Amino acid sequence: MSKTLLEVLQATTAYFHKNGVESARLNAEHLLAHSLQCRRLDLYLQFDRPLGDAELEPLRERVKKRAQGVPLQHLLGTSEFFGRVFASDARALIPRPETEQLVELVLKFRAELAGGAILDLGVGSGVIALTLAAEWPEAQIHAIDISPDALGLARENAKRLGLLERVTFSESDLFEKVDGSYDLIVANLPYIARATIPTLAREVRHDPRTALDGGDSGDEILLRLIVDATTHFRPGGRLAIEIGHDQSARLADALARNGYHDIECQTDHQGVQRFLLAKYG
Ligand SMILES: C[S@@+](CC[C@H](N)C(=O)[O-])C[C@H]1O[C@@H](n2cnc3c(N)ncnc32)[C@H](O)[C@@H]1O
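So, how was this worked out
For every chain, the first residue of its written sequence is number 1, and the numbers climb from 1 along that sequence. Side-chain atom pairs in this predicted model are given and counted only at pLDDT of 80 or more, local residue features only at pLDDT of at least 70, and totals for whole chains, interfaces and linings cover all residues. Each side-chain value is worked out from all heavy atoms of the structure, with water and hydrogens disregarded. Here, any two strands with at least 2 DSSP bridges between them count as paired. By definition, any uninterrupted DSSP run of H or I lasting at least four residues is a helix, any uninterrupted run of E lasting at least two residues is a strand, and each is numbered from the N terminus. Lines fitted to C-alpha atoms define the axes, with helix axes restricted to the stretch in contact, and inter-axis angles between N-to-C directions lie between 0 and 180 degrees. Lining residues are those with an atom within 4 Å of a point, where the points come from a 1 Å grid over the protein atoms alone and group into cavities, where a 1.4 Å probe fits but cannot get out, or pockets, open sets with protein on both sides within 12 Å along at least five of seven lines. Grid points are joined across faces, edges and corners, and a volume is the space filled by probe spheres set on the points. Charged residues are taken to be Asp, Glu, Lys and Arg, nonpolar residues to be Ala, Val, Leu, Ile, Met, Phe, Trp, Tyr, Cys and Pro, and polar residues to be all remaining types, Gly included. Proximity is defined per residue: if any heavy atom of the residue lies within 4 Å of a molecule or strand, that residue is considered near it. Residues adjacent in sequence count toward polar contacts only when both atoms are side-chain atoms; beyond that, a polar contact is any pair of N or O atoms within 3.5 Å, and within protein one must be able to donate a hydrogen and the other to accept it. Per-residue accessibility takes into account occlusion by the displayed protein chains alone, with areas from the Shrake-Rupley method and a 1.4 Å probe. Oblique is the label for every angle not falling under 35 degrees (roughly parallel), over 145 degrees (roughly antiparallel), or within 65 to 115 degrees (roughly perpendicular). With the far helix as reference, a near helix turned anticlockwise by less than a right angle produces a left-handed crossing, and one turned clockwise produces a right-handed crossing. Any pair of residues with heavy atoms lying within 4.5 Å of one another is described as a contacting pair.

**Structural notes on the sheet that holds strand β9 (residues 233-242)**
Reading across from one edge, β7-β6-β5-β8-β9-β11-β10 is the order of the seven strands in this open sheet, with mixed pairing throughout. What marks the edges here is a single partner per strand, and that holds for β7 (167-171) and β10 (260-267). In this sheet, neighbouring strand axes are inclined to one another by 15° on average, regardless of whether the strands run parallel or antiparallel. Pairing of strand β8 (residues 182-187) with β9 involves five bridges; the strand directions are parallel. Its bridge partner lying in β9, Tyr182 is registered against Phe233.

**A few points about the layout of surface pockets**
Gaps between atoms show up when a probe of the same size as a water molecule is rolled over them. By volume, the second largest pocket is sized at about 290 Å³. Considering the residues around the second largest pocket, the lining is formed by 15 residues, among which Lys3, Val8, Thr12, Leu56 and Arg60 are closest to the centre. Secondary-structure elements contributing two or more residues to the lining of the second largest pocket are α1 (5-18) and α3 (53-67). Looking at the lining of the second largest pocket residue by residue, the class counts come to eight nonpolar, three polar and four charged.

**With respect to the site of the ligand**
Not every one of the 21 residues close to the ligand is listed here, only the nearest: Gly122, Asp145, Asp173, Leu174 and Asn188. Between the ligand and Leu174 there is a distance of 2.8 Å, counted from a nitrogen atom to a backbone nitrogen or oxygen. Within the side chain of Asn188, an N or O atom sits 2.9 Å from an oxygen atom of the ligand. Starting from 590 Å² of accessible surface for the ligand in isolation, the protein chains cover 96%. For the shell around the ligand, the elements supplying multiple residues, two or more each, are α7 (127-135), α9 (209-212) and α10 (220-228).

**Let's talk about the packing of α10 against helix α11 (residues 248-257)**
Close contact between α10 and α11 brings their axes to 9 Å; oriented N to C, the two are set at 15°. The orientation of α10 with respect to α11, classified from their angle, is roughly parallel. Between α10 and α11 lies a crossing of right-handed hand. Together, Leu222, Leu223 and Ile226 of α10 and Arg250, Leu251, Ala254 and Leu255 of α11 make up the contact between the two elements. Of the residues belonging to the contact of α10 with α11, the class tally is six nonpolar, no polar and one charged.

And the structure:
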């Protein structure tokens with residue numbers, strides 16, 4: 001016997017609750033809308049619509065995977081970031097809302113740096129570099145990542161957003177294969193202490209390990225970045241990085257010791273010290 005859309009939505013929500021999925025109803029709505037190829041809010045206009053097996057079959061598989069902890073974004077194949085839709089899969093980190101704030105902070109330098117050269121270190125799916133390319137049309141943007149998989153996804157996103165001409169991509173371990181100088185270096189690199197990774201939410205463990213693992217202390221890659229970046233700034237260059245919740249004091253100290261100035265820590269919307277800004281030269 002066929003069920004109505006509302007019955008399917010309620011049953012899926014209950015199943016998600018039982019299996020510890022956060023925001024159970026919202027997840028159910030997203031998956032149902034994705035399966036029916038409609039907008040989420042359009043579900044509300046068709047609660048009485050009967051759903052047959054042909055429509056329910058692809059949904060069942062996704063619901064099962066979501067209940068097992070596969071992230072919603074991997075099941076939808078997309079993530080939203082700064083008002084744009086990015087392809088999202090296991091090749092790169094699922095973009096986080098905090099990182100939108102990093103982009104907002106960086107966009108404040110637009111008037112000062114105008115047609116400046118920007119380096120995005122650890123591009124992942126491309127959200128920072130491509131959002132800057134779209135929002136800051138006169139900037140020249142170079143994006144690097146150590147992971148060829150992430151670079152493949154970032155290039156696909158560049159193509160999808162019509163921004164392939166605006167960003168150059170290269171594979172490199174930090175600055176190893178980078179010889180340019182930049183007005184702005186922005187980075188959301190891994191900052192999680194290795195021992196903490198197994199304790200993270202099951203969804204986070206679907207992110208690539210290379211996107212999370214910040215070494216034993218969590219800030220190993222960021223400390224390396226702070227030192228290595230000093231030979232890649234143009235005069236008056238700026239650094240903007242996302243950091244772990246307990247890393248601001250140590251990293252601000254490393255910035256000061258390495259000749260940076262105007263060091264500033266900014267909190268995210270949860271009040272966590274999440275971003276460090278600094279100038280060099
Ligand atoms: C936390 S993810 C962030 C991805 C993206 N910037 C974002 O905000 O969604 C960190 C990225 O840095 C890359 N990465 C890790 N170590 C790196 C290194 N030594 N050099 C360059 N990229 C690195 C990872 O492959 C991953 O794509």
